[in-house]
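One-letter residues, chain by chain:
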Amino acid sequence: MGFLNAVLLFGAASLAVPLIIHLLNRSKFQVLDWGAMHLLQAAELQNSRRIQWQSILLLLIRCGIPLLLAICMARPILTAWQIAGGGNSAIAFVLDDSYSMQANSLQATDGVSSFKTATDNLNNIASSLGRSTQVSVITLGGQPKSLLDGSTFDSRLVRRRVESLQAEQGPIQPIAAFELAGRQLINSSQPQRQVVILSDFQKSDWSKITNESFVAFQNAFKDLPVKPRITLMPIRSQPTENLQATIDATFSEVIGVEDPLDVRATIHNWSTQPAKSARIIFQVDDVDIAAKNIDIPAQSDVQVLFGCKFDTAGEHRAVVRVEEVSPIQADNIAALPIYVLEKLSVLLVEPVAVQETLQAETGFLELALQMQGAAGRNDGWLQTKRVQADALTEQMVKQANVIVVANVPRLSDQAASWIENRVKEGAGLLLFIGAKTDREWFNQRWSPQGAAAVLPFRYAEPQTTDVAAIASAPAGQPSQTDATSNDTSTPKPASLHIASGPYNHPALALFNRPEQGRLDQVTVRSWVRLTPWSSDKSTEVVEASDQKSNNLPKQESQTSSASQTPNTDESGASVALFSNGDTFLAQKQFGKGTVVQCATSANDAWTNMPLRPAFVPLIQRLVIGMVQPPKVIDSNANSSESNLELMNKQELESLATIMGAQIQESTTEFLDTAKLQSTGREIWRWVLLALVIFLFSELLLEKRLTRGGR
Amino acid sequence: MTDSTKLLSAEDRDRVARLQWYARQVVEGLTVGTHRSPHKGFSVEFKEHRQYVRGDEIRSIDWKLFGKTDRLYIRQYEEETNLRATLVVDQSGSMKYKGHQGDGVSKHDFAVRLAACLAYLFVGQHDAVGLATFDTTVQSYIPPRNRPSHLSGLLTMLASSECGGETRLSDVINLLAPKIRRRGVVILISDCFDEAESLLRSLSFLQHAHNDVVIFQVWHPDELTFPFYSRTQFRSLEKASDQKVIDPHQIRKAYLSNLDKYRQALSDGCKQRRISLIPCNTDQSHSSLLASFISQRGIG
């Protein structure tokens, strides 16, 4: 026997009220001088016992009414009475498997993680509730998913699946997890449904649920006939220090053999206590190369620099690892993929052979590629070869890792075919426009309808901001008239710049930090508008291409999601834009190779880009990026997961209020409540019935005693 | 004390003056009246013949019969005489009850007025009427007389009677019985709050003395309906120490049942003994009650 609202039992004290009224009534009477006392005495003698019995009964009934009312409101549960169907219920466990759950649990012995405690609690509950409980498990970290592909009554299956889980997911997505739990529960035919959330309630994760997101939370269970009972089961972790290692690189590095490489790692101390002599180890291909002991102040960053070289070409892996007893192992390691190439051959194709380097179309490119880069690569690793378009041979094309075509009017069909084949095999193709370029030839040859769909975007009309150039411009030269003829209402900018970041393309990501160079300082006087191939088609086709663009490969989707609104084609995508929104760089995959299309010249004829400091790293990274597509470094240990600050009691209670949930600190507490609610029978209805009977009895007895003689 | 002149209103006098009380039984009176007398005398009503004996008056011999039978017979006639009525009025404490509001007519007032009407009636018929008042014992007694001036004495005594003491009705009647020697009518006006059995036994003594017994049992409506609901302390009007706190609703049924049994027992006993029992309550008009009773009683 138990009570859901035991506090209301204090209302039973009101049974004293009828008792007091009864006693007060007994002391109050009127006085009457009466003659026929002999008749009165006889009547009293006859009825004294009955009167006494009825008075006591009436008193008991009157005392029983407030008592029953108090019991009824306290919602009594009869636990000894197993209801028909037992404790049939569906329970959806929402299990936090984010990295923060790797912290040591406060509720268990040393060395046991919060996640292990959570899974133990889950298994205990699942096995204790018995076979009549339908269980589903939703993992909360990263992308929420159902662990059991539905739900099951088999607690052993639940145990097996849960024990195979690891806390290796990123930040949680509570609303998505609740929606999934809601879908699991709605498929259940069990009368009672509940959701149990097993989490450390990390502040950075759970502060996402606010009053504003309450509607979304409600919607997660809107299809259920009755909102499930939600239980928060906090798994408290021990307050401890946590160091997180990250490498300052967004993409993998490509270097040459014996090229020196500096790997810069940042170690963040999330603890409120300073970390003394934290040992940082640098590994290359699982071999310890160097180690450093550093002191890290509380909640601060310390950068560590390691250098290395590679004597063999191929794919390598550099790792910075914090050697400490850290609660979260995942964020102790930061890895950097490194590609080492023997040499990189770049074929620079220009319209005419010019001796003076800076007069040639590809002179600036050659200088940039031969200049020792920021990574400090050895000279000779990146080999360039300038060649006139007419002198191009198949051998040259086959030996090139990257082919740069700058301001070439047109290629012979044979040369074009060699280049197409080479790019298909995996080479890179970098296209620069210029005054001599026959745009129509390229648009026909390398369009989707042409011999090969090499071009990411179509070369459209040339544009310029230089008035003098317009006056002397021959046919095909950029002209302001041409540029403005289509849109006279749009004011021409005084000077055109490359739009500022952030940039998502690996070659441009460097410029997200202004100290590495600023692309937005590049001024462009003339350019050719690059338009997607789909703009030539009907509206329907454009819409279709937009839909297809949503299905682009991941890398392309990422590169297209620049800060500017990029134009995307069926296969091409804008990589960078001008400040007026026109495309500066476009890229597409052609076969195994990559094609990058630039909207302006490679020399200083149309732009001051070759004269800017950003030109060298831009060209080097573009060329290297085309040889081996860089990998995006996926930082598994999200910094928010490394911050082990948990919600305090007030915040947790506030969260429970928002969610309409109750907090159960332990499995025992949960099972006790579950026993009351699932295996017990609420008998308040019977008490209410008894109360009604008492009320009617009181009425009848009162009428019998008080009004019966009238 | 009630003013004796107020005991009989003009309406009462007018209504009672038209009534005539006839005795049901043979009564002994001193004067010629409307009631049959056990004594034979001069009268227009022939009763019987009897054989002449020495000493009889010669003038009472029926000569016509002597001529026919040659024997001397004396002609005897029914003698009519006056009625001797004794009014026995209860002035015990219980007769003081005048309702729970305390503003009604008390049973004693009713009894006194009824007795006054009866006295007026009998005096008006030239019948002798006497009066006895009692509570625990006989408090006063005026023997029956038929002088008109006797009425004022009766009324004065009625007016001066005061309630108090316990009722010992059977004892009182036993005391009164020797005083009522001649045959007559004994009219008891009381609430008869005594044991029915002993009361009836005492009344039997009066009957054996050839008295016609009439009982006017006076009730107050409260005693018949018991109209009490709230918790009440009942204090006895006859015995101050006797008091009870009772929830009236709890015993109403039993009370009314006891009342019915008591009334039934008294009624049955009276019928058995040919005693006239007239229940009356204080709401009624005593003169109307009297008129109604006499009309039903008729000529005995």
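Residues numbered from 1 in each chain as written. Chains lettered and ligands numbered in written order. Predicted model: local features only at pLDDT ≥ 70, side-chain atom pairs only at ≥ 80, totals over all residues. Heavy atoms only, no water.

Chemist: I would appreciate a short explanation of the overall build of chain B in the present structure.
Modeler: What chain B contains, in helices and strands, is nine helices and eleven strands. Relative to its 300 residues, chain B shows a buried fraction of 50%. Look at the contacts in chain B between residues 6 or more apart in sequence, and 75% of them connect residues 24 or more apart. (Helix = DSSP H or I, 4+ residues; strand = E, 2+ residues; numbered from the N terminus. Buried < 20%, exposed > 50% of the residue type's maximum accessible area, 1.4 Å probe, protein only. Contact = heavy atoms within 4.5 Å.)

Chemist: Where do I start with the interface of chain A and chain B in this structure?
Modeler: How big an interface is tends to be expressed through the accessible area that disappears when the partners come together. In this assembly, 28 residues from chain A lie in contact with 31 residues from chain B. Across the chain A to chain B interface the summed buried area is about 3000 Å²; carbon plus sulfur atoms make up 61%. When residues of chain A are sorted by the area they lose upon contact with chain B, L32(A), W34(A) and L39(A) head the list and together hold 23% of the total. Close ionic contact of D33(A) with R235(B) constitutes a salt bridge, the shortest N to O distance being 3.2 Å. At the junction of chain A with chain B, the criterion picks out eight residue pairs in polar contact (both at pLDDT 80 or more). Only helix 1 (16-26), strand 2 (30-34), helix 2 (37-73) and helix 20 (684-707) of chain A provide two or more residues apiece to the side of chain A that touches chain B. (Buried area = accessible area lost by both parts, 1.4 Å probe. Salt bridge = Lys/Arg side-chain N within 4 Å of Asp/Glu carboxyl O. Polar contact = N/O pair within 3.5 Å; in protein donor to acceptor, adjacent residues only side chain to side chain.)

Chemist: Would you explain the confidence of the model for chain B in this entry?
Modeler: The pLDDT averaged across chain B works out to 81; a share of 84% of its residues lies at or above 70. In the predicted complex, the global pTM is 0.44; the interface-specific ipTM is 0.74. (pLDDT = per-residue confidence, 0-100.)

Chemist: Even after reading the chapter, I still don't get the sheet that holds strand 11 (residues 261-269) of chain A, so can you show me in this structure?
Modeler: Pairing between the strands of a sheet is mediated by backbone hydrogen bonds and can be parallel or antiparallel. Residue and element names in this part refer to chain A. Within the open sheet, the three strands sit side by side as 9-11-14. Their pairing is antiparallel. For this open sheet the edge positions go to strand 9 (243-247) and strand 14 (301-308), each flanked by a neighbour on one side alone. Neighbouring strand axes in the sheet, compared pairwise and without regard to direction, differ in orientation by 25° on average. Across eight bridges, the pairing between strand 11 and strand 14 is antiparallel. Paired with L261 across the two strands is C308, which belongs to strand 14. (Pairing = 2+ DSSP bridges. Axes fitted to C-alpha atoms, helices over the stretch in contact; angles between N-to-C directions.)

Chemist: Explain the environment of V129(B) here, please?
Modeler: Residues and elements named next belong to chain B. Following the sequence through the fold, V129 ends up in strand 5 (residues 128-134). Separated by 13 residues in sequence, V129 and I142 place their C-alpha atoms 8.7 Å apart. Ignoring anything within four residues of it in the chain, the contact list for V129 reads A85, L87, A119, F122, V123, P143, P144, R145, H150 and L154.

Chemist: I would appreciate a short explanation of the environment of I125(A) in the present structure.
Modeler: Residue and element names in this part refer to chain A. By the element assignment, I125 lies in helix 3 (residues 114-128). Along the backbone, I125 and I91 are 34 residues apart, and their C-alpha atoms lie at a distance of 9.9 Å. Contact partners of I125, with chain neighbours within four places excluded, come to I91, F93, M233, T667, F670 and L671.

Chemist: Help me out: how do you make sense of the side chain of D96(A) in this one?
Modeler: Residues and elements named next belong to chain A. Following the sequence through the fold, D96 ends up in the loop between strand 4 (89-95) and helix 3. Within the local environment of D96, its side chain forms a polar contact with the side chain of S98, the two groups lying 2.8 Å apart. Non-local contacts of D96, meaning those with residues more than four positions away in its chain, are made with M101, F115, L140, I172, L198, S199, D200 and W206.

Chemist: Explain the packing of helix 6 (residues 196-208) of chain B against helix 8 (residues 248-272) of chain B to me, please; I cannot follow it from the model alone.
Modeler: Residues and elements named next belong to chain B. For the pair helix 6 and helix 8, interaxial distance at closest approach is 10 Å and the crossing angle is 20°. Between helix 6 and helix 8, the angle falls in the class roughly parallel. Note that helix 6 runs across helix 8; the crossing there is right-handed. For the pair helix 6 and helix 8, contact is made by A196, L199 and L200 and by Y262, A265, L266, G269 and C270, respectively. Residues that form the contact of helix 6 with helix 8 fall into these classes: seven nonpolar, one polar and no charged. (Parallel < 35°, antiparallel > 145°, perpendicular 65-115°, else oblique. Left-handed = near helix turned anticlockwise from the far one by under 90°. Nonpolar A, V, L, I, M, F, W, Y, C, P; charged D, E, K, R; others polar.)

Chemist: It is not clear to me how the nonpolar core should be interpreted in this structure. Could you clarify?
Modeler: Side chains of nonpolar character tend, in soluble globular proteins, to be buried together. With 82 residues, the main nonpolar core has I419(A), L429(A), F432(A) and W446(A) as its most contacted residues. If one sorts the elements of this core by residue count, helix 16 (residues 615-627) of chain A sits on top with nine residues. Contact partners of W446(A), with chain neighbours within four places excluded, come to L411(A), A416(A), I419(A), E420(A), L429(A), L431(A), A452(A), A453(A), V454(A), L455(A) and W533(A). Counting 45 residues, the second-largest nonpolar core is a separate cluster that includes L32(A), L200(B), I215(B) and L266(B). (Core = buried A, V, L, I, M, F, W, Y, C linked by side-chain atoms within 4.5 Å.)

Chemist: Where do I start with a nonpolar patch on the surface in this structure?
Modeler: Residues and elements named next belong to chain A. Taken together, L19, I20, L23 and L24 make up a surface patch of nonpolar side chains, about 380 Å² in accessible area. As for its placement among the helices and strands, L24 is situated in helix 1. Exposure remark for L24: the relative accessible area of 53% places this residue in the exposed category. (Patch = residues over 30% accessible without salt bridge, like charges linked within 9 Å, V, L, I, M, F, W, Y side chains within 5 Å. Areas by Shrake-Rupley, 256 points an atom, 1.4 Å probe, with all protein chains shown as cover.)

Chemist: Is there a simple way to think about the sheet that holds strand 11 (residues 276-281) of chain B in this case?
Modeler: Residue and element names in this part refer to chain B. Pairing is mixed across the open sheet formed by six strands, whose spatial order is 6-5-4-7-8-11. A single partner strand is all that each edge strand has here, and the edge strands are strand 6 (138-145) and strand 11. On average, each strand axis in the sheet is inclined to that of its neighbour by 15°, with strand direction left out of account. Relative to strand 5, strand 4 (residues 84-90) runs parallel, the two being bridged by seven bridges. Residue pairing for strand 5: A85 is matched across the bridge by V129. Strand contacts of helix 4 (residues 150-159): strand 4, strand 5 and strand 6, with the helix running at about 165° to strand 6, the strand carrying the most contacts. On the sheet, helix 6 packs against strand 7 (185-190) and strand 8 (212-219) and is oriented at approximately 145° with respect to strand 8.

Chemist: I'm lost on the packing of aromatic side chains in this one. Help?
Modeler: Think of a pair of aromatic rings as described by two things: how far the centres are apart, and how the planes are tilted against each other in angle. Using the criterion set out here, one finds 20 aromatic pairs over all chains in the structure. Note on W441(A) and F442(A): the rings are 4.9 Å apart at their centroids and 90° apart in plane angle, and the pair reads as edge-to-face. Judged by its relative accessible area of 12%, W441(A) falls in the buried class. Look at F442(A) and you get buried, because its relative accessible area is 2%. Measuring from ring centre to ring centre gives 5.9 Å for W527(A) and F578(A), while their planes differ by 55°; the resulting arrangement is tilted. With W527(A) in strand 24 (residues 526-531) and F578(A) in the loop between strand 25 (572-577) and strand 26 (583-590), the pair connects residues that are 51 residues apart, well separated along the chain. For the pair formed by W527(A) and F578(A), the shared burial category is buried. Through a chain of ring-to-ring contacts, three or more aromatic side chains come together here, namely W34(A), Y97(B), F226(B), F228(B), F234(B) and Y255(B). Taking the ring centre of F306(A) as reference, the NZ or CZ of K292(A) above it sits at 4.9 Å. (Phe/Tyr/Trp six-rings, centres within 6.5 Å; stacked < 30°, edge-to-face > 60°. Lys NZ or Arg CZ within 6 Å of the ring centre and 35° of its normal.)

Chemist: Explain the packing of helix 3 (residues 107-124) of chain B against helix 4 of chain B here, please?
Modeler: Working note: a packed helix pair is described by the angle between its axes plus the distance between those axes. All names here are of chain B. In the contact formed by helix 3 and helix 4, the axes pass within 10 Å of each other and the chain directions differ by 175°. Here helix 4 runs roughly antiparallel to helix 3, going by the angle between their axes. On the side of helix 3, the interface is formed by V112, A115, A116, A119, Y120 and V123, while helix 4 contributes L151, L154, L155 and L158. Its residues assigned to classes, the contact of helix 3 with helix 4 comprises ten nonpolar, no polar and no charged.

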